[in-house]
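Results of the structural survey
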Amino acid sequence: DRADVIRASVTDVKFTLMLTLFLVVMVIFLFLRNLSATVIPSLALPLSVVGTFAVMYQFGYSLDNLSLMALTLSVGFVVDDAIVMLENIVRHMEMGEKPLEAAFNGSKEIGFTIVSMTISLTAVFIPILFMGGILGRLFHEFAVTIGAAILVSGLVSLTLTPLLSARMLRAHGEKEHGKLYRWTGRGFDAMLRLYERGLRLCLARRATTMAISVVILAGTVWLFYTVPKGFIPSEDTGDVRIALQAQQGIAFPDMVRHQLAAMDVVSKDPDVASYLSTVSAGNTSTILLRLIPMPQRKSSVDVVMARLRPKLNAIPGLTASLQNPPPFRVGGRQSASPYQYTLQGTDTQALYTASQALVDRMKTLPGLIDVNTDLLMSNPTVVVDVDRQRAASLGLTEQQINDALSSAYATRQVSTIYAPNNTYSVIMELQPRFQENPEALSMLYVLAPSGTLVPISTVAKITKSTGPLAVNHSGQLPSVTISFNTKPGYALSQAVADVTAASRATLPSTVSTSFQGNAQAFQSSLGSLGLLLVIAIAVIYVVLGILYESFIHPLTILSALPFAGFGALLTLVLFHVDLSIYAFVGIIMLVGLVKKNGIMMVDFAVEAQKNGTPADEAIYHACVVRFRPIMMTTMAALMGTLPIALGFGAGSESRRPLGLAVVGGLLFSQTLTLFVTPVFYVYMEKLRSRKPAPNPLPALWTPHGAQ
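Residues numbered from 1 in each chain as written. Predicted model: local features only at pLDDT ≥ 70, side-chain atom pairs only at ≥ 80, totals over all residues. Heavy atoms only, no water.

Focus: the overall build of the chain
- Each helix and strand in the chain was counted, giving 23 helices and 15 strands.
- Rg of the C-alpha trace for the chain: 35 Å, well past the compact-globule value of 27 Å for 707 residues, more than 25% over.
- For the chain, the residues scored as buried account for 51% of the 707 residues in total.
- For the chain, long-range pairs separated by at least 24 residues make up 79% of all intrachain contacts whose partners lie at least 6 apart in sequence.
- Roughly 34200 Å² of accessible area belongs to the chain as shown, and the carbon and sulfur atoms make up 62% of that amount. (Helix = DSSP H or I, 4+ residues; strand = E, 2+ residues; numbered from the N terminus. Rg over C-alpha atoms; globule rule 2.2 N^0.38 Å. Buried < 20%, exposed > 50% of the residue type's maximum accessible area, 1.4 Å probe, protein only. Contact = heavy atoms within 4.5 Å. Areas by Shrake-Rupley, 256 points an atom, 1.4 Å probe, with all protein chains shown as cover.)

Brief notes about the pattern of salt bridges
- Under the counting rule described, the total for this entry stands at 10 salt bridges.
- For Glu439, the salt bridge is made with Lys464, and the minimal N-O distance between the two is 2.6 Å. Of the two residues, Glu439 sits in the loop between helix 14 (432–435) and strand 10 (445–447) while Lys464 sits in strand 12 (residues 460–467), which places them 25 residues apart along the sequence.
- Judged by its relative accessible area of 46%, Glu439 is partly exposed.
- A single salt-bridge network, built from bridges that share partners, covers Asp269, Asp271 and Arg307. (Salt bridge = Lys/Arg side-chain N within 4 Å of Asp/Glu carboxyl O.)

Here's the deal with helix 9 (residues 252–267)
- Under the 1.5 Å per step criterion, the end-to-end length of helix 9 is 22 Å for 16 residues, consistent within 8% with the ideal 22 Å.
- Against strand 1 (239–246), strand 2 (272–279), strand 3 (284–291), helix 10 (301–313) and strand 4 (318–323) lie the buried residues of helix 9. (Expected span 1.5 Å × (residues − 1).)

With respect to the packing of aromatic side chains
- As enumerated under the stated definition, the model contains eight aromatic pairs in all.
- On the numbers, 4.6 Å between centres and 50 degrees between planes, the contact of Tyr341 with Phe515 is tilted. Of this pair, Tyr341 sits in strand 5 (residues 339–344) while Phe515 sits in strand 15 (residues 512–516); the two residues are 174 residues apart in sequence, bridging distant segments of the chain. Residues Tyr341 and Phe515 agree in their burial class; the two are buried.
- One aromatic cluster is present, formed by Tyr195, Phe627 and Phe675 through successive ring pairs. (Phe/Tyr/Trp six-rings, centres within 6.5 Å; stacked < 30°, edge-to-face > 60°.)

Observations regarding the sheet that holds strand 3
- Pairing within the open sheet is antiparallel, and its four strands lie in the order 2-3-1-4. This sheet does not close on itself; its edge strands, each paired only once, are strand 2 and strand 4. On average, each strand axis in the sheet is tilted by 20 degrees relative to the strand beside it, whichever way the strands run.
- Here strand 1 pairs with strand 3 via seven bridges, running antiparallel. Looking at strand 3, one finds that Gln245 is bridged to Thr284.
- Against the sheet, helix 9 makes contact with strand 1, strand 2, strand 3 and strand 4, and its axis sits at roughly 170 degrees relative to strand 2, the strand it touches most.
- Packed onto the sheet, helix 10 meets strand 1, strand 3 and strand 4 and runs at close to 175 degrees relative to strand 4. (Pairing = 2+ DSSP bridges. Axes fitted to C-alpha atoms, helices over the stretch in contact; angles between N-to-C directions.)

Observations regarding helix 22 (residues 627–646)
- Over its 20 residues, helix 22 extends 28 Å from the first C-alpha to the last, a length consistent with the 28 Å expected when each residue adds 1.5 Å.
- Within helix 22, the axis deviates most sharply at Gly640, by approximately 30 degrees, and proline Pro643 lies no more than four positions further along.
- Of all the 20 residues making up helix 22, 17 are buried; the element is thus mostly covered by neighbouring parts of the structure.
- Directly beyond the C-terminal end of helix 22, a positive phi value near 70 degrees is found at Gly647. (Bend = angle between axes of the 7 residues up to and from the residue.)

Observations concerning the side chain of Asn88
- Counting through the fold element by element, Asn88 comes out in helix 3 (residues 65–94).
- Here the side chain of Asn88 touches Glu109 through a polar contact of 2.9 Å, side chain to side chain.
- Among residues more than four places away in sequence, those in contact with Asn88 are Gly106, Glu109, Ile110 and Arg626. (Polar contact = N/O pair within 3.5 Å; in protein donor to acceptor, adjacent residues only side chain to side chain.)

A few points about the nonpolar core
- Counting 154 residues, the largest nonpolar core has Phe142 and Phe484 as its most contacted members.
- Counting residues per element, this core draws most heavily on helix 20 (residues 581–610), which supplies 20 residues.
- Leu244, Ala246, Met263 and Leu318 belong to the second-largest nonpolar core, a separate cluster that totals 23 residues. (Core = buried A, V, L, I, M, F, W, Y, C linked by side-chain atoms within 4.5 Å.)

Structural notes on the confidence of the model for the chain
- Averaged over all residues, the pLDDT of the chain is 81; the fraction at 70 or higher stands at 92%.
- Contacts of residues 693–707 to residues separated by more than four positions or lying in other chains number zero contacts, the stretch itself having pLDDT below 50. (pLDDT = per-residue confidence, 0-100.)

Concerning unusual backbone geometry
- Positive phi outside glycine occurs at Asp370, with the angle close to 55 degrees.
- Within the fold, Asp370 resides in strand 6 (residues 368–373).
- The backbone phi angle of His576 is positive, close to 55 degrees, even though this residue is not glycine.
- By secondary structure assignment, the location of His576 is in the loop between helix 19 (561–574) and helix 20.

Quick look at the side chain of Lys229
- Take Lys229: it is sitting in the loop between helix 8 (206–226) and strand 1.
- We note that Lys229 is buried and unpaired, the nearest opposite charge coming from Asp578 at a distance of 9.7 Å.
- Polar side-chain contacts of Lys229 include one of 3.2 Å to the backbone oxygen of Val227. (Lys, Arg positive; Asp, Glu negative; His and termini not counted.)

Observations regarding a nonpolar patch on the surface
- Among the surface-exposed residues, Leu35, Val39, Leu43 and Met168 lie close enough to one another that they form a single nonpolar patch of about 320 Å² accessible area.
- Along the polypeptide, Leu35 turns up in helix 2 (residues 35–59). (Patch = residues over 30% accessible without salt bridge, like charges linked within 9 Å, V, L, I, M, F, W, Y side chains within 5 Å.)

Structure (structure tokens):
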């Protein structure tokens, strides 16, 4: 029953949403130091969320983990437009304008910037809508929800925010301010002066600044290829699946005794609340554990599995494979371990021999545990080879012999007893003491048409041998599936590379291989997500090019992307978190976030250049004027993502990589973008203003009559 886990996860996401709302409002208050000014962008938050609910209702979406996570992330984004609008109006009021006049002039000056920020940030999520497969279905609702929140927030900031500013703000200097106001003001002024000195130094040493940028770009590429990669982070839902395997050919009563020994080990663990035990046909069995809820549990699911694994494997004749069931499965067979590697071949004997060699090699790999195979070749079998001519001479057919074997060993139903309140099936079978003894097969008799009883050994040759318990097929070819798990801290990308290398060194060319299930989805997602990131950057470039009618300015705005990628990847490495699907979505979101700073700087500088200001002076004043809104929007987005990065509550393991990527990318890019983007702007303006050189080649033809 996943209901309790789902309720707990949704409750934690709602708490994270409220905490994020509080943190963002505190950021606005600390920067603006005015209660009325803080209320104005704060009102944009509930209106944007309510507007997003209306869009979700029209699309038939529900409030689940992904849509709630999108709303939580959007809290740090939807307030950005309102902050930029409000800050510009407050700046005009600080210049001596009245509230109504400042609202008109400030909104007119910043309106195009907000439109650019809103449209370009929404465009980041367009490629996610075209993702195929299970990942596309998974993130489609996420992309639509967060895109709708951004569009609604842009509309609110262009309409409601100027209206409230004109009515609620007081003219500058009409009110006495306290010590906190003056102290925070002095702190911000000191920070601004420090930034001005650093900016002048970078503009004076542009070549050095660009060289550092190139080094960071190379580091970003290196980190992307070396950082450990995963698929879907495992969640601590309190469920554990234990697959037990005994020696092949074990009798059912012996398997039950092994199962009881395993149940005794499981029942003594202090973190196990309940369990379900099942003994299957053959030599396998399963125990499903339900752990104590997380707030009352002392250990995580990984610790519980690590504690139970050696105890279960210490039971003589029993091998245990434990797994934390993934949040969802992407195809594949039901196996003892979560990741699968399938071997196929037309030569069954060569396939079986090669698969066993690969299993032995995989068990020696340092990062793999719980290596299993569905090929059970040592299962004891009894072969009954019917002599058809001899049986025919005695008046027997092969069907009669099969019926006799079925009646003895196949639990055939021969009758039904109808009682007043129930019905009972009558099953005919041999006594258990005869079923457990293969020698008793020779004592079986078949009734001939003449009425005589013919011993089955008279008409059939009975031999003992070993063989596979089942012959599995994949795509109409015989196959063997090897399942494996990874040790804690060992990335799936490393495991896939190790298995692939072991396969190439072990298997003959006649055996084909492929990953299945989640491992196959992980392989295919690596290429598709990289392409998705490139498409997202290309879409933003096109959108910015249309908005600014320039090929140069979009490059300047996007110059901060390498810093964001470097910060996100470095944060994942420092916190020992894989680059999973959620972390990759966080990096795609960074593409839309970090370019906001560039838009605010470039937009102001372009307007200044239209009035005749030189490029270096224009970008310098743009950075100084836009320093406060840039810091405010970045800190708001940072505080909006920080609760997700901290990773507390049910299901937080999936959300945490996304939060870490966004927080790390924002922190690192925020520091460097304020210095590198202005330098990049100056270089791009010099390139744009350079006149083309005259063509030195002579004309290939001259018009008729020309001298």
